[in-house]
Amino acid sequence: MGFDTADGGQHYLPYTRTATSSFTEFLRSQSPGLLPGWLPGEQGIASVSRLREQVPHGTTIVAVTCADGVVIAGDRRATVGNMIAKRDAEKVFKCDEFSAVGIAGTFSLALAMVRIFQVELEHYEKMEGRSLSLSGKANRLGGMVRGNLGMAMQGFAAIPLFVGYDEASGTGRIFSYDGSGGPHEERRYHSIGSGSPFARGSLKKLYTDDLPASEAVLACVQALYDAADDDSATGGPDLGREIFPIVATVTADGFRQLPEAEAADYARRITQERLTSPDGPRAILGQSRDG
């Protein structure tokens, strides 16, 4: 970037002399209008409120801890009211090498939040020469959710589900948020979005401690199927259009999004099983998982 301008490049100084390792704080001081949830006053709030029923919303995200780390998965449907706005929305994203996030709520705001959060983590690492701890990352994301509180109170909540592999403890961890921030650490499994009650009910029956990653993936896809079975805003596997859940694992080896063909295999397997058992697998009672 050059500095041979009439004013000697003075307008570049804020960008080269920033003292904060937080990209969000830097953006708030220089260009607050680029932050999700920023409103230019009461007139802006009134204008945004009129759009409440016209913007897409995303559901449903599930996450499960496993022996190797954590699995996160999301359906592909975005809705506007009772209409399907998008059938192949992506709601699960890599944050950095050892963390990922799924989004629900107001889709465009949540997507903007994720993109800024990705830069936030990269900016911190460049400024400090090291990456944030997993708890530190969760707290930074909580601050961004809290910054969207004004929009959330107008009906435009953007809610993430954050997961990661904690290198210090060698375990996968899950963090949830409410509209005022967070984070709240969840144990074993969690789900967000309109289909979350049905997904959590499914996971409650399917989950056992120290699941292999492959079985944790299967449990997540089963839970999304159950959510779609009872929640019209959650999209199930679309075999005709070949649209399947997005599934990712975060382990000691880092972030890995399952290739589309692999996710499709899980979805097709479950769909085939549901032809003979529409309500899905039963919890095993009175005996261990291995019989």
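Above this text sits the structure in question.
Residues numbered from 1 in each chain as written. Predicted model: local features only at pLDDT ≥ 70, side-chain atom pairs only at ≥ 80, totals over all residues. Heavy atoms only, no water.

Caption draft 1: Examining the pattern of salt bridges more closely. One pass over the structure, following the stated rule, counts 15 salt bridges. Between arginine 241 and aspartate 238 there is a salt bridge whose closest N-O contact spans 2.9 Å. Between arginine 269 and glutamate 273 there is a salt bridge, with the nearest N and O atoms lying 3.4 Å from each other. With arginine 269 and glutamate 273 both in helix H9 (residues 260–274), this residue pair falls four residues apart, about one helical turn. Overall, the relative accessible area of 36% leaves glutamate 273 in the partly exposed class. One continuous salt-bridge network, built from bridges that share partners, spans Asp166, Arg173, Glu185 and Arg187. (Salt bridge = Lys/Arg side-chain N within 4 Å of Asp/Glu carboxyl O. Helix = DSSP H or I, 4+ residues; strand = E, 2+ residues; numbered from the N terminus. Buried < 20%, exposed > 50% of the residue type's maximum accessible area, 1.4 Å probe, protein only.)

Caption draft 2: Looking closely at the sheet that holds strand S2 (residues 61–65). One open sheet accounts for five strands, arranged S11-S2-S3-S12-S13; its pairing is antiparallel. With partners counted over all chains shown, the strands left at the sheet margins are strand S11 (189–192) and strand S13 (254–257), one partner each. Put simply, the sheet's adjacent strands are angled 15 degrees from each other on average, direction ignored. In this sheet, S13 lies alongside strand S12 (residues 246–251) in antiparallel orientation, the contact comprising four bridges. Paired with alanine 248 across the two strands is glutamine 257, which belongs to S13. (Pairing = 2+ DSSP bridges. Axes fitted to C-alpha atoms, helices over the stretch in contact; angles between N-to-C directions.)

Caption draft 3: How the structure looks around unusual backbone geometry. Here the amide bond leading from threonine 59 into threonine 60 is cis, since omega sits at -5 degrees, within 30 degrees of zero. Secondary-structure assignment places threonine 60 in the loop between strand S1 (57–58) and S2. Each neighbour pair has its own omega, and for glycine 182 with proline 183 the value is 5 degrees, a cis peptide bond. Positive phi, close to 75 degrees, is recorded for arginine 188, a residue that is not glycine. Among the structural elements, arginine 188 can be located in the loop between strand S10 (181–186) and S11. A relative accessible area of 37% means that arginine 188 is categorised as partly exposed. One non-glycine residue with positive phi stands out, namely glutamate 242, at about 55 degrees. In this structure, glutamate 242 sits in the loop between helix H8 (213–230) and S12.

Caption draft 4: Representation of the nonpolar core in the model. Within the largest apolar cluster, 29 residues are counted, with the highest numbers of intra-cluster contacts made by Val101, Phe117, Leu141, Phe162 and Tyr177. Put simply, the parts of the chain that give this core at least two residues each are strand S6 (92–96), strand S7 (99–106), helix H4 (107–128), helix H5 (134–147), strand S8 (158–166) and strand S9 (171–178). The leading source of residues in this core is H4, at ten residues. The residues touching phenylalanine 117, leaving out its near neighbours within four places in the chain, are Cys95, Lys137, Arg140, Leu141, Met144 and Phe162. (Core = buried A, V, L, I, M, F, W, Y, C linked by side-chain atoms within 4.5 Å. Contact = heavy atoms within 4.5 Å.)

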